[in-house]
Structures are given as structure tokens and as C-alpha cells.
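Here is how the chains run, residue by residue.
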Amino acid sequence: MSFKKIFAAVDDSELGHRVFSQALELALGDRAEMMLFHCVTVSSLGETAVPIPVDLGMNVELMDQAYQAQRLRLESEVKQASGLLKNYCDAAANKGLQVEFDCKMDGDPGHCICEFAQNWGADLIVLGRRGRTGFTEAFLGSVSNYVVHHASCSVLVIQEVKTEK
């Protein structure tokens, strides 16, 4: 099977690097177009997100400060992600492949990936799977599971390699 437009959802992790490498290998083999994509969400900020106290009903100034701090952190994350995507594009260019990239802010990365890939006309989505199960998967959700069930094209899921401790 040959692909013409490969959409790779990447981040700055070992798994994200493996997703990029696999997508690049496929794109080079098929001389396909490639789009690198990263979705920034408030939850992707992890512990850097600013907690907003529940009892802020009366203190609008404090609420505004918390909102502004959160917005600045999101903007910083988008800037870092764009730099990462540019580095991936440079690595692809060194192999002779021109690659596009985009970074979006969205509340739901699975939906964002499916929608953007469909709008771009992808015929393959490549993304990683961290291997969460049980309560953790139910609580945090599974981006790869969502994409597999909602994408309008083929999906290649790269499993994270678990190391024994």
C-alpha cells in the first residue's frame, strides 16, 4: 500500500521521535507529502498549569491574573512546539523531503488530530500510544484510541516501548 499524504502527530518525547522517524521513512519510501502536527492543550502543560481556586467568585482581579498566567504558559508551549516541529522539518529536509508543520491549541487532541488530518487530505495518520490502561486510560482518555475510531483515513499507531525497572 502506498500513501500520498502522511500526517504525523508528534511531541518532544522518545515516542514522538519514533513517530517522526517512522512517518519520515514511509514518506521517503512513497515520495509522499508529510504534515507534522502538535496539539497543545491545557492538560499537556501538566504541573505547569496554574491552579485556579474555586472561591474566586468575588475577586475578579485574581481570576484575571490566573487567566493571564495560563494564557502566557499556553503561548510559551505553542512557541516551544513550533520550534520542535521546525527541527523535525529540518531533519526531513536533510533527507531531501519537504515537510509542512502546524501547531494548534485545542481542548481535545484526538478530535483536533482527526479534523486537521481530514481537512489536509491525509490518507495516513501516524501517532504514538503510551499504553495507559484501566483507570488511567479512563480518566485521561486515549488519544490514539479516539483517532483509530474516528479518523477518516488509515492510522498507524506506534506503541511506546516499556523498559523494565
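Data block above holds the structure.
Residues numbered from 1 in each chain as written. Predicted model: local features only at pLDDT ≥ 70, side-chain atom pairs only at ≥ 80, totals over all residues. Heavy atoms only, no water.

Looking only at helices and strands, one finds 5 helices and 5 strands in the protein. Ordered by position from the N terminus, the helices and strands of the protein form the series β-α-β-α-β-α-β-α-α-β. The buried share of the protein, taken over its 165 residues, is 35%. Sequence separation of at least 24 residues holds for 77% of the intrachain contacts in the protein that already meet a minimum separation of 6. Summed over its atoms, the accessible surface of the protein is roughly 10,000 Å², and 53% of this surface lies on carbon and sulfur atoms. (Helix = DSSP H or I, 4+ residues; strand = E, 2+ residues; numbered from the N terminus. Buried < 20%, exposed > 50% of the residue type's maximum accessible area, 1.4 Å probe, protein only. Contact = heavy atoms within 4.5 Å. Areas by Shrake-Rupley, 256 points an atom, 1.4 Å probe, with all protein chains shown as cover.)

On to unusual backbone geometry. The phi angle at Arg31 is positive, at roughly 50°, despite the residue not being glycine. Note that Arg31 resides in the loop between α1 (14-30) and β2 (33-40).

Here Ser144 shows up in helix α5 (residues 143-150). A relative accessible area of 6% places Ser144 in the buried class.

Attention shifts here to the pairing of strand β1 (residues 5-9). With 5 of 5 residues buried, β1 lies mostly within the body of the structure. Of the two faces of β1, the one holding Lys5, Phe7 and Ala9 and the one holding Ile6 and Ala8 are both buried throughout. In this sheet, strand β4 (residues 124-129) lies alongside β1 in parallel orientation, the contact comprising 3 bridges. Across the sheet, Ala8 pairs through a bridge with Val126, a residue of β4. (Pairing = 2+ DSSP bridges.)

Opposite charge on two side chains lets them pair, provided their charged atoms get close. This structure, assessed with the given rule, holds 4 salt bridges. A salt bridge links Glu75 to Arg71; the shortest N-O distance between them is 2.5 Å. Here the residue Glu75 and the residue Arg71 both occupy positions in helix α2 (residues 60-94), the gap between them amounting to 4 residues, near one helical turn. A salt bridge links Asp90 to Lys86, with the nearest nitrogen and oxygen atoms 3.1 Å apart. Pair noted here: Asp90 and Lys86 are both in helix α2, with a separation of 4 residues, about one helical turn. On the basis of relative accessible area, Asp90 is assigned to the partly exposed category, the value being 35%. A relative accessible area of 42% means that Lys86 is categorised as partly exposed. (Salt bridge = Lys/Arg side-chain N within 4 Å of Asp/Glu carboxyl O.)

Following the sequence through the fold, His38 ends up in strand β2. Here Val10 takes part through its backbone oxygen, which lies 2.8 Å from a polar atom of the side chain of His38. Residues within four places of His38 in sequence aside, it is in contact with Val10, Asp11, Glu77, Ala81, Leu85, Asp102, Cys103 and Lys104. (Polar contact = N/O pair within 3.5 Å; in protein donor to acceptor, adjacent residues only side chain to side chain.)

This part takes up the nonpolar core. Formed by 27 residues in total, the largest nonpolar core has its most connected members in Ile6, Phe20, Met34 and Leu36. Contributions of two or more residues to this core are made by β1, α1, β2, α2, β3 (99-105) and β4. Discounting residues that sit within four places of it in the chain, Phe20 has contacts with Val10, Met34, Leu36, Tyr88, Ala91 and Ala92. By size, the runner-up hydrophobic cluster in this structure holds 17 residues, among which are Phe37, Cys39, Ile113 and Cys153. (Core = buried A, V, L, I, M, F, W, Y, C linked by side-chain atoms within 4.5 Å.)

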